[in-house]
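Examination of the molecular architecture
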Amino acid sequence: DSGVTQTPKHLITATGQRVTLRCSPRSGDLSVYWYQQSLDQGLQFLIQYYNGEERAKGNILERFSAQQFPDLHSELNLSSLELGDSALYFCASSTGTGRFTDTQYFGPGTRLTVL
Amino acid sequence: SQQGEEDPQALSIQEGENATMNCSYKTSINNLQWYRQNSGRGLVHLILIRSNEREKHSGRLRVTLDTSKKSSSLLITASRAADTASYFCATVYSSGAGSYQLTFGKGTKLSVIP
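A brief look at the structure comes next. All of these numbers come straight from a predicted model, not from anything done at the bench.

**Notes on the overall build of chain B**
- When helices and strands are counted, chain B shows zero helices and 11 strands.
- Along chain B, helices and strands appear, N-terminal first, in the series β-β-β-β-β-β-β-β-β-β-β.
- Here the C-alpha radius of gyration of chain B, 14 Å, is about what a compact globule of 114 residues would show, namely 13 Å.
- Over its C-alpha atoms, taken along the principal directions, chain B stretches across nearly 50 × 30 × 20 Å.
- When each of the 114 residues of chain B is scored for burial, the buried share is 46%.
- Summarising the internal contacts of chain B: among those between residues at least 6 apart in sequence, 54% fall at separations of at least 24.
- Accessible area for chain B stands at about 5400 Å²; split by element, carbon and sulfur atoms hold 45% of it.

Structure follows, in C-alpha cells:
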C-alpha cells in the first residue's frame, strides 16, 4: 500500500459526459501527479501540482483539467468524454517540489470506461 | 519525442536467471527512472539514476546509464516468480523555463517461470 488513495476504483460512463477523479496523496506529500495509461498511448504524464499550484504540464487535453485543494487532495476533471478516453488514470504523490527527482508513490488507479 | 523505448518488449526466463532490460532515449536527460507495474496495478518506483551517474545498485537491481549512447539497462539478478511484472523506464528532461517533463517507454513484460 503506497498511502495514495484514489476514488472511484471503476467508473463507467457515456460519451459526452463529465467525470471527476479524486486523489488523496500520502500524508506530508505536497506534489500530486496525474497519469493516463491506455493500450494505444501507453503511460502518459498529464499534469503536476505542487502545494496547490500547477507545476508541470504534459500531454493533457484541453477537455481535461485538474486542481489541488488546500488540504492537498487533487481532482482530475474529464469532460466531453470520448471513447478514446477509456484508460487507467493514476495519481502519484511525492514530498519534493516535483522536478521529478524524488520518488513518486502511485495510487491504485481509477479505471474509466467510456461507452 | 522524448519517449524512452524499452527492449525487449517481452522477456521470459527461468527462476534464478538474470533478466536484463534496455531503454533508449532521444535527447539529453536530467535523470532516468525505472518502475515496475504488476498487472493492472499502480506503478512502483524502483530506482532513479541521475545523468552524471553511470551505475546504481539497489538490492538485486543494477541500473547503468550511458549518456553518450542515450541508453540505460536494468539488470535483475537471481530472478524470482514475484518479479513477474512490466518494467518501464521514464526519462526526465528540462522543457525550459525551469519546467521538467517525464515520459515513459512502452515497457518490457517480464515473466519469470518457477
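**Focus: the pattern of salt bridges**
- On inspection of all chains with the given rule, the structure shows six salt bridges over all chains.
- Measuring nitrogen to oxygen at the nearest pair gives 3.8 Å for the salt bridge that ties Glu53 of chain B to Lys56 of chain B.
- Between Glu55 of chain B and Arg62 of chain B there is a salt bridge; the shortest N-O distance is 3.2 Å.
- Judged by its relative accessible area of 41%, Glu55 of chain B is partly exposed.
- When its relative accessible area of 32% is taken as the criterion, Arg62 of chain B is described as partly exposed.
- Members of the salt-bridge network, linked through shared partners, are Arg63, Glu82 and Asp85 of chain A.

**Brief notes about the packing of aromatic side chains**
- Applying the stated rule across the entire model yields seven aromatic pairs over all chains.
- Relative to Phe106 of chain A, the ring of Phe90 of chain A has its centre 6.3 Å away and its plane inclined at 75 degrees; by these criteria the two rings are edge-to-face. Linking Phe90 of chain A in strand E9 (residues 87-94) with Phe106 of chain A in strand E10 (residues 105-106), this pair joins segments that are 16 residues apart in sequence.
- You can call Phe106 of chain A buried: its relative accessible area is 4%.
- Grouping aromatic residues by their ring pairs yields a cluster made of Tyr35, Phe45, Phe90 and Phe106 of chain A together with Tyr35 and Phe104 of chain B.
- Residue placement shows Arg26 of chain A over the ring face of Tyr105 of chain A; its charged tip is 3.7 Å from the ring centre.

Rules and cut-offs
Per-chain numbering applies: the sequence of each chain, read as written, is numbered from 1 onward. The lettering of chains begins at A and the numbering of ligands begins at 1, in the order of writing. Where totals are concerned, whole chains, interfaces and linings use all residues; where local detail is concerned, this predicted model gives features only for residues with pLDDT of at least 70, and gives and counts side-chain atom pairs only at 80 or more. Where side-chain values are given, they derive from all heavy atoms of the structure, hydrogens and water being excluded. The helix count covers DSSP runs of H or I at least four residues long, the strand count covers runs of E at least two residues long, and both are numbered beginning at the N terminus. In this treatment the radius of gyration is a C-alpha quantity, and the globule benchmark scales as 2.2 Å times the residue count to the 0.38 power. Relative accessibility thresholds used throughout: buried, under 20% of the residue-type maximum; exposed, over 50%; partly exposed, between the two (1.4 Å probe, protein chains only). Here, residues are in contact when the closest pair of their heavy atoms is within 4.5 Å. Each accessible area is a Shrake-Rupley result for a 1.4 Å probe, and residues are judged covered by the shown protein chains and nothing else. What makes a salt bridge here is a side-chain nitrogen of Lys or Arg within 4 Å of a carboxyl oxygen of Asp or Glu, nothing more. Two aromatic rings from Phe, Tyr or Trp, using only the six-membered ring of Trp, form a pair when their centres are within 6.5 Å; if the ring planes differ by under 30 degrees the pair is stacked, by over 60 it is edge-to-face, and anything between is tilted. Whether a charge lies above a ring is judged from NZ of Lys or CZ of Arg, which has to be within 6 Å of the ring centre and within 35 degrees of the ring normal.

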